[in-house]
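Reading the structure
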Amino acid sequence: MPPILLAVDKTYPKGLMWFRRDLRVDDNAALYHALRACRQVVCVFVFDEAILEPLPRADRRVEFIRESLVELQATLEALGGGLIVRHAVAADEIARLAHALDVQAVFANRDDEPAALARDAQVLGGLANAGVAFHTYKDQTIFDRDEVLTKTGQPYTVFTPYKRAWLAKVDDFFLKPYPSRGHADALVPPPKAHQQPVPTLAQLGFSPTNLSTLGIPTGAEGGAALFDDFFQRIDRYDTARNYPAVRGPSYLGVHLRFGTVSIRQMASIAHQLSLQGPNGGQGAATWLSELIWRDFYFQVLTHHPRIAEGKSFRPEYDKIIWHHGKHADMLFDAWCRGETGYPLVDAAMHQINQSGYMHNRLRMVVASFLCKDLGVDWRRGEAYFATHLNDFELASNNGGWQWASSSGCDAQPYFRIFNPVTQSERFDPEGKFIRRYLPQLAKLSDKMIHAPWKASPVELEAAGIVLGTTYPKPVVDHAEARDRTLQRYGVVRGPATTQ
Ligand SMILES: Cc1cc2nc3c(=O)[nH]c(=O)nc-3n(C[C@H](O)[C@H](O)[C@H](O)COP(=O)(O)OP(=O)(O)OC[C@H]3O[C@@H](n4cnc5c(N)ncnc54)[C@H](O)[C@@H]3O)c2cc1C
């Protein structure tokens, strides 16, 4: 189309594209709409002081975002635009910037977390006062809000029927990419006064982390490289994903969190592969199912925002009296440090502490261990994960913890209590994962590594282990803890099913 016609078609002379958790150019819904609707588009990202303030001063996510922004800024510049990067309170800064840049509209992708909705309501008010429009778009999920409902128009609270409805509804319309680059001629560099490199970590008040030592790739390029690697082994995902010592999952969580990959692209490829042959696409089908869990938890949060305020999805679970006081604090600290005496639990906690990642199987094991073996309130574990996970996602994290504690919408029954030793024997049979994170146990046999306290004094001595000194004794006895948990959960059974 000749440029002159395009210019006439456009609604706004100038718009502002506000990047948040969508740090890519390709297939970006809001950017596409901004480029289509405005003759000129300026881009901005705000390091939101309201979000950064409570974070630990060394935080891999801040470094991940910063590195990804350096790439995004370079990509936008190569396309003739640029990226303003601010460090301010976003709720105030966007209206200020809209005024300074003299734009008529701001474009952003939706974020349905309660705090983000409150911030956006404030931004909308500020912009509206100045006569500036605020347009937001779905970009984080395939379906959100009320797009997948039961036949009676209710939100789903059980995953399997939700997944069935999701699969019945999905088609090219929902999976097709937004060709943002095709409209990049509307990008303009920010005015000179606003052109600055991305602030350093020190300027943001943060210290460097071990992100690059860990080899966690950042930015859209990093996300694409991880996906290419995963694509080679997606066929094996349905089995390999269960074994923490194996490179089974995609490790794309942090990229989905910050939008350095497109959920549409991921789901579209997985969907196409899942339809191949009767068994051929099983790995892809299972992976797609995980992406659907993600959509499921997003819509649960949308419809039940009280779960973000520490409320159990099932209110009766708030009657549970958790172990509290000094002894509970001691147990919680042992869990956080990976010193419970249960090797699989401890190795998993070392994994999150050292890398910000934890394998899905292990998230389930340690979450169950915290609330059903140690009797500690699941919300304390949820908060610990929120601080430490690179891929922390409010909806999925809450969903995972409420699943493990049985208080969630589609949770495991309260009497299902993972045995940390049998989980270890089953999913890390040779103790490879345990040895990686607990080298002090490396010389124990494959049989004994799952429960060192069962090893004979001779075996322990030969492995160079002094229980209680080089490796902790178990902080609880699983069988006794199990009985205590069943009693503790007795309050949720109700009179009809009490035995
Ligand atoms: C207690 C607990 C807490 C969790 N906290 C989070 C969290 O904060 N953020 C998060 O993204 N996931 C969370 N999960 C879900 C899951 O463990 C992670 O998504 C997964 O381990 C991330 O690794 P991956 O990217 O290699 O996953 P893959 O196995 O490759 O899966 C691909 C993607 O699918 C999504 N996904 C996979 N499993 C789930 C699931 N059960 N629920 C929702 N989405 C899923 C994620 O976006 C993931 O990146 C949690 C699970 C539990 C049991």
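A few points on the structure. (Residues numbered from 1 in each chain as written. Predicted model: local features only at pLDDT ≥ 70, side-chain atom pairs only at ≥ 80, totals over all residues. Heavy atoms only, no water.)

What follows covers the packing of helix 17 (residues 343-355) against helix 19 (residues 378-388). Running from N to C, helix 17 and helix 19 cross one another at 40°; their axes reach a closest spacing of 9 Å. Of the possible angle classes, the one that applies to helix 17 and helix 19 is oblique. Contacts from Met-349, Ile-352 and Asn-353 of helix 17 reach helix 19 at Tyr-384, Phe-385 and His-388. Grouping the constituent residues of the contact of helix 17 with helix 19 by class yields four nonpolar, two polar and no charged. (Axes fitted to C-alpha atoms, helices over the stretch in contact; angles between N-to-C directions. Helix = DSSP H or I, 4+ residues; strand = E, 2+ residues; numbered from the N terminus. Parallel < 35°, antiparallel > 145°, perpendicular 65-115°, else oblique. Contact = heavy atoms within 4.5 Å. Nonpolar A, V, L, I, M, F, W, Y, C, P; charged D, E, K, R; others polar.)

Now for the packing of helix 15 (residues 282-303) against helix 20 (residues 394-404). The angle between the axes and the distance between the axes are what describe a pair of packed helices. Packing of helix 15 against helix 20 leaves a shortest axis separation of 8 Å and a crossing angle of 95°. By the angle between their directions, the pair helix 15 and helix 20 is classed as roughly perpendicular. Every residue of helix 20 that contacts helix 15 at Arg-294, Tyr-297, Phe-298 and Leu-301 is listed here: Leu-394, Ala-395, Ser-396, Gly-399, Gly-400 and Trp-403. Here the contact of helix 15 with helix 20 is composed, by residue class, of six nonpolar, three polar and one charged.

This part is about unusual backbone geometry. Positive phi is not limited to glycine here, since Asp-27 has a value of about 50°. Looking at where Asp-27 falls in the secondary structure, it is placed in the loop between strand 1 (12-19) and helix 2 (29-37). On the accessibility criterion, Asp-27 (7% relative accessible area) is buried. The backbone of Asp-102 shows a phi angle near 60°, a positive value even though the residue is not glycine. Judged by its relative accessible area of 54%, Asp-102 falls in the exposed class. (Buried < 20%, exposed > 50% of the residue type's maximum accessible area, 1.4 Å probe, protein only.)

We now examine the layout of surface pockets. By volume, the largest pocket is sized at about 1200 Å³. For the lining of the largest pocket, the secondary structure elements donating two or more residues are helix 13 (253-258), helix 15, helix 18 (360-373), helix 20 and helix 21 (420-427). In terms of residue class, the lining of the largest pocket is built from 19 nonpolar, nine polar and 10 charged. For the second largest pocket, the calculated volume is near 1000 Å³. Around the second largest pocket sit 31 residues that line it, and Ile-51, Leu-55, Glu-113, Arg-257 and Phe-392 are the ones nearest its centre. Mapped by element, the contributors of at least two residues to the lining of the second largest pocket are strand 2 (38-48), helix 3 (49-52), helix 4 (60-78), helix 5 (90-101), helix 6 (114-129), helix 13 and helix 19. Here the residues of the lining of the second largest pocket sort into 22 nonpolar, one polar and eight charged. (1 Å grid on protein atoms, 1.4 Å probe; cavity = no way out; pocket = protein on both sides within 12 Å on 5 of 7 lines; lining within 4 Å. Points joined across faces, edges and corners; volume = space filled by probe spheres on them.)

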